[in-house]
Amino acid sequence: MSPKKDETNPLLEGLELRRRPEDCTLVIFGASGDLTQRKLMPALYALAFRDLLPERFAVIGAARSEDTDEGFREKMRKAVEEHARDPFKNEVWEKLAEGMVYAQLDFSDDQAEGSLARRLETVDAERGTKGNRLFYFAVPPSAIGTLVRELAERKSAHGWSRLIIEKPFGHDLESARELNALIAESFGEDEVFRIDHYLGKETVQNMLALRFANGIFEPIWNRQFVDHIQITVAESLGIEGRASFYEEAGAIRDIFQNHLLQLVAITAMEPPIDFTADSVRNEKVKVLRSLHTPGPKSVVRGQYGRGFVEGAEVPGYREEDGVDRDSKTETYVAAKLYVDNWRWADTPFYVRMGKRLARRETTIAIHFKRAPHPPFAESAADGLRPNVLLIHVQPNEGMSLGIGAKVPGQGMRLQTVHMDFLYGSTFREGLPEAYERLILDAMLGDATLFTRADEVEEQWSLVDAIVAGWTRERPAFPNYPAGTWGPPSADELMHRDGRSWRSH
Ligand SMILES: NC(=O)c1ccc[n+]([C@@H]2O[C@H](COP(=O)([O-])OP(=O)(O)OC[C@H]3O[C@@H](n4cnc5c(N)ncnc54)[C@H](OP(=O)(O)O)[C@@H]3O)[C@@H](O)[C@H]2O)c1
């Protein structure tokens, strides 16, 4: 069922003016997992705390592990106490928990779907959720196909059925196409919500506000005024016990294929005609389709060795539990990308991402060209750098514009100063977690902040092309110590172009 665009689109309306979602049941597959406890349940609690959930609402937690309704509620309560951003209020929790049950299911067993269907019917009858179902797939990618097939056979006869699918969506272009085709056999694109939680972040959405709500930026947002763009997604954490997933995925599938390419798309896209899901995604997909790297030399990969992060010694990637001692998996990627269109031709987008880097930081830096003819003596402009608009996606969310100013005193001496906007000090309210926004949007049927099938496939096409180049050479890993900003070859990538990574 498609939403009426002017009723439901939060980018048009603002969160506080939003319609309450229709009554529904949220089924979480993977309810015994990490994502459910650290992100999904705290997000549901935050929505309950602000009275944003449907009036009649239920949660069915489903997984293969044994549990009871009481046991599940108790675990979820602890998860909320530990991870929620709001203080724990018993009355809020009790209201949420009264509609929460657990279903032990193993979909390799033929009886499983029958038992889920019965549970759903009971919940519908008891909670009045009208057959509306939101299925959240918080399971390993290998489990998704089976679940889709099972659900397809028994779509709700009344009410709507929607799927939220976690990343990574597939492992390469072929598997993503297969999964898209399987889903499309039974579900319309407006029923599928592929999550890239970066799109739920306030600062990523603020990029749209910055570009399209201000008349001053769009005229200079192009190759004539922008020298280059740098995007950094740096984590100080290692693989946090997820060796089996990471050995398969590496940095290119874990972060580059999804979060990073979405940041490129949002930075480079043309203004959409409106903020409906299709208009925004049409523009993003055009960017993704026109992306390329100029060749293997423009992509650098790395893997961390032993080092120090925030003062503590940490093991190298190959020393982590569950990792092959000779692993070739990359934990770092840097690349030069081009967007082949009228606006961006010949303007490099330098991107880098990695684990165990010096600091956690996600930033988009727009480096503008130098002023064409500064009429100052060279010595006066020593401290002056070209303008940079820096968007802090996380942490310290906000933005900063570097501009040249005169240093007070006799004579003309110039220096770069910063105009800063910080969310924390400007808006008193804490920022919502991305998952709050995304779960609510899926309940409202608004897919604007989710990735469409063709977007995912374009992202994989670029990744497949890069990975194909890699199979020909053996990397000399590890090539950067934990706690640094990556391998020297990433600096060389910039130096060859007479540029350098933004200093920290
Ligand atoms: N954790 C995060 O912060 C995070 C962030 C972004 C994306 N994701 C994605 O979210 C998904 C879940 O991640 P996670 O970290 O929660 O993983 P996890 O801790 O390993 O949990 C996986 C869940 O899936 C269930 N499961 C495993 N194999 C299954 C199968 N064959 N059929 C049905 N259920 C199965 C597991 O429960 P049982 O064994 O009891 O069935 C468990 O509840 C993954 O796709 C991951 O890439 C996670």
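Residues numbered from 1 in each chain as written. Predicted model: local features only at pLDDT ≥ 70, side-chain atom pairs only at ≥ 80, totals over all residues.

## Points about the environment of phenylalanine 450
Moving on, step 1. With respect to the helices and strands, phenylalanine 450 occurs in the loop between helix H13 (434-444) and helix H14 (453-470).
Moving on, step 2. Overall, the presence of 21 C-beta atoms within 10 Å leaves phenylalanine 450 in the buried class.
Moving on, step 3. The sequence separation of phenylalanine 450 and glycine 200 amounts to 250 residues, and the corresponding C-alpha distance is 8.5 Å.
Moving on, step 4. What phenylalanine 450 contacts, discounting residues up to four positions off in sequence, is Phe193, Arg194 and Ile195. (Helix = DSSP H or I, 4+ residues; strand = E, 2+ residues; numbered from the N terminus. Buried ≥ 20, exposed ≤ 12 C-beta atoms within 10 Å, placed from the backbone. Contact = placed C-beta atoms within 7 Å.)

## Overview of the domain arrangement of the chain
Moving on, step 1. Partitioning the chain into structural domains gives domain 1 (23-159) and domain 2 (200-368 + 445-495).
Moving on, step 2. Taking only C-alpha atoms into account, the centre of domain 1 sits 32 Å from that of domain 2. (Domains from an automatic or database assignment.)

## What about the sheet that holds strand E4 (residues 133-137)?
Whenever strands of a sheet pair, they do so through backbone hydrogen bonds, lying parallel or antiparallel.
Moving on, step 1. Ordered by their spatial adjacency, six strands build an open sheet running E3-E2-E1-E4-E5-E6, and the pairing between neighbours is parallel. Only two strands of the sheet have a single partner each, and these edge strands are strand E3 (100-104) and strand E6 (192-194). Across the sheet, the axes of successive neighbouring strands diverge by a mean angle of 20°, strand direction being ignored.
Moving on, step 2. Strand direction decides the pairing type here: E4 and strand E5 (residues 161-165), joined by five bridges, are parallel. Each bridged residue has a counterpart across the sheet, and for arginine 133 the counterpart in E5 is serine 161.
Moving on, step 3. Relative to the sheet, helix H4 (residues 69-83) contacts strand E2 (57-63) and E3, its axis offset from that of E3 by approximately 115°. (Pairing = 2+ DSSP bridges. Axes fitted to C-alpha atoms, helices over the stretch in contact; angles between N-to-C directions.)

## A look at helix H3 (residues 34-49)
Moving on, step 1. With 16 residues, H3 should cover 22 Å at 1.5 Å per step; its first-to-last C-alpha distance of 22 Å lies within 8% of that length.
Moving on, step 2. Leucine 40 marks where H3 bends most, by close to 30°; the proline proline 42 follows one to four residues later.
Moving on, step 3. A large share of H3 lies buried, amounting to twelve of its 16 residues.
Moving on, step 4. Buried within H3 we find Thr36, Lys39, Leu40, Met41, Pro42, Ala43, Leu44, Tyr45, Ala46, Leu47, Ala48 and Phe49.
Moving on, step 5. Of the surrounding secondary structure, the elements contacted by the buried residues of H3 are strand E1 (24-29), E2, H4, helix H5 (90-97), E4 and H13. (Expected span 1.5 Å × (residues − 1). Bend = angle between axes of the 7 residues up to and from the residue.)

## A closer look at unusual backbone geometry
Moving on, step 1. Going from glutamine 394 to proline 395, the amide bond is cis rather than trans, its omega being -15°.
Moving on, step 2. When you line up the elements, proline 395 lands in the loop between strand E16 (388-394) and strand E17 (398-406).
Moving on, step 3. With an omega dihedral of -10°, the bond running from phenylalanine 477 to proline 478 counts as a cis peptide bond.
Moving on, step 4. Summarising the element assignment, proline 478 is placed in the loop between H14 and strand E19 (480-481).

## Considerations on the site of the ligand
Moving on, step 1. Around the ligand, the surrounding shell holds 19 residues, and the nearest of these are Gly30, Gly33, Leu35, Arg64 and Ser65.
Moving on, step 2. Of all the secondary structure elements, the ones that give two or more residues to the shell around the ligand are H3 and helix H7 (141-153).
Moving on, step 3. The greatest single-element share of the shell around the ligand, amounting to three residues, is contributed by H3.
Moving on, step 4. The residue makeup of the shell around the ligand, split by class, is ten nonpolar, four polar and five charged. (Near = placed C-beta within 6 Å. Nonpolar A, V, L, I, M, F, W, Y, C, P; charged D, E, K, R; others polar.)

## What to know about the environment of asparagine 479
Moving on, step 1. Following the sequence through the fold, asparagine 479 ends up in the loop between H14 and E19.
Moving on, step 2. When the 19 C-beta atoms within 10 Å are taken as the criterion, asparagine 479 is described as partly exposed.
Moving on, step 3. Taking the C-alpha atoms as reference, asparagine 479 lies 31 Å from serine 290; in sequence the two are 189 residues apart.
Moving on, step 4. Sequence-distant contacts of asparagine 479, that is, excluding residues within four places in its chain, are made with Gly302, Gln303 and Pro487.

## Let's talk about the packing of helix H8 (residues 173-186) against H14
Moving on, step 1. Across the interface, H8 lies against H14 with an axial gap of 8 Å and an inter-helix angle of 165°. It follows from the interaxial angle that H8 and H14 lie roughly antiparallel. The two elements H8 and H14 cross, and the hand of that crossing is left-handed. Residues Leu173, Ala176, Arg177 and Asn180 of H8 touch H14, and the partners they reach there are Ala453, Val456, Glu457, Trp460, Ser461 and Asp464. (Parallel < 35°, antiparallel > 145°, perpendicular 65-115°, else oblique. Left-handed = near helix turned anticlockwise from the far one by under 90°.)

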